[in-house]
Amino acid sequence: MEIRPITPRYAVSPQITVEDVPAIAAAGFVKVICNRPNVEVPPAIQSDAIGQAVRDAGMVFEVLELTHQTMTPENVARQRDMAESEGGPVLAYCASGTRCSVVWALGQCDHLSPDEILEATGKAGYALDNLRPALDQLSQRDG
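Residues numbered from 1 in each chain as written. Predicted model: local features only at pLDDT ≥ 70, side-chain atom pairs only at ≥ 80, totals over all residues. Heavy atoms only, no water.

Asker: I'm lost on helix H3 (residues 73-84) in this one. Help?
Answerer: Given 3.6 residues per helical turn, the α-helix brings residues three or four places apart onto the same face. Between its terminal C-alpha atoms H3 stretches 16 Å, which fits the 16 Å expected from 12 residues at 1.5 Å a residue. Every buried residue belonging to H3 is among Asn75, Val76, Gln79, Met82 and Ala83, and all of these are buried. Within H3, the buried residues cover an arc of 130° as seen down the axis, which keeps them to one side. Among the exposed residues of H3, those oriented more than 90 degrees off its buried face are Pro73, Glu74 and Asp81. On its buried face, H3 is in contact with strand S2 (10-13), strand S3 (31-34), strand S4 (60-63), strand S5 (90-93) and helix H4 (98-106). (Helix = DSSP H or I, 4+ residues; strand = E, 2+ residues; numbered from the N terminus. Expected span 1.5 Å × (residues − 1). Buried < 20%, exposed > 50% of the residue type's maximum accessible area, 1.4 Å probe, protein only. Arc of directions from axis to C-beta. Contact = heavy atoms within 4.5 Å.)

Asker: What's the story with the side chain of Arg99 in this structure? I'm lost.
Answerer: Along the chain, Arg99 turns up in helix H4. Relative accessible area serves as the criterion here: at 17%, Arg99 is assigned to the buried category. A polar contact is formed between the side chain of Arg99 and the backbone oxygen of Leu66, at a distance of 2.9 Å. If we ignore the near neighbours within four places in the chain, the residues touching Arg99 are Asn35, Arg36, Pro37, Glu40, Leu66, Met71 and Cys94. (Polar contact = N/O pair within 3.5 Å; in protein donor to acceptor, adjacent residues only side chain to side chain.)

Asker: Help me understand the pattern of salt bridges in this model?
Answerer: Opposite charge on two side chains permits them to pair, given that their charged atoms come into close proximity. Taken as a whole, this structure holds nine salt bridges when the rule is applied. For Arg36, the salt bridge is made with Glu40, and the minimal N-O distance between the two is 2.8 Å. The class of Arg36 is buried, set by a relative accessible area of 15%. A salt bridge links Lys123 to Glu119; the nearest nitrogen and oxygen atoms lie 3.2 Å apart. Of this pair, Lys123 and Glu119 both sit in helix H5 (residues 114-123), four residues apart, which is roughly one turn of the helix. Beyond isolated ion pairs, a larger network of salt bridges with shared partners links Lys31, Glu62 and Glu86. (Salt bridge = Lys/Arg side-chain N within 4 Å of Asp/Glu carboxyl O.)

Here it is, written out as structure tokens:
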């Protein structure tokens, strides 16, 4: 498991396992969001198995399966609401952490500049420069 903080309250990770959950709880996370569709993974790491382990460890677990086709404004807003509704740090995971980073980036355009967004995701190891046109457009719309 490789937790990559984007902000003090939002971190992303490649796919986690049930065995990773105690370390996630020990790191102080209060919620885990699964952005990976179950069709991509075997049953042992599908959202039901991970979710049960997360809840058993005392954290909140939510699922928002994301693909290129489902990266809609509604899902961007939903992810942001899920990430911001808890009183502590949130970990989102998918296959590599990229989808979790992209959905976060798209949801920040009302209060961060594209440069600030790309700097934060870049520091976490996600070079999302190809998102700049969308971030610029969303920033102009929200600004």
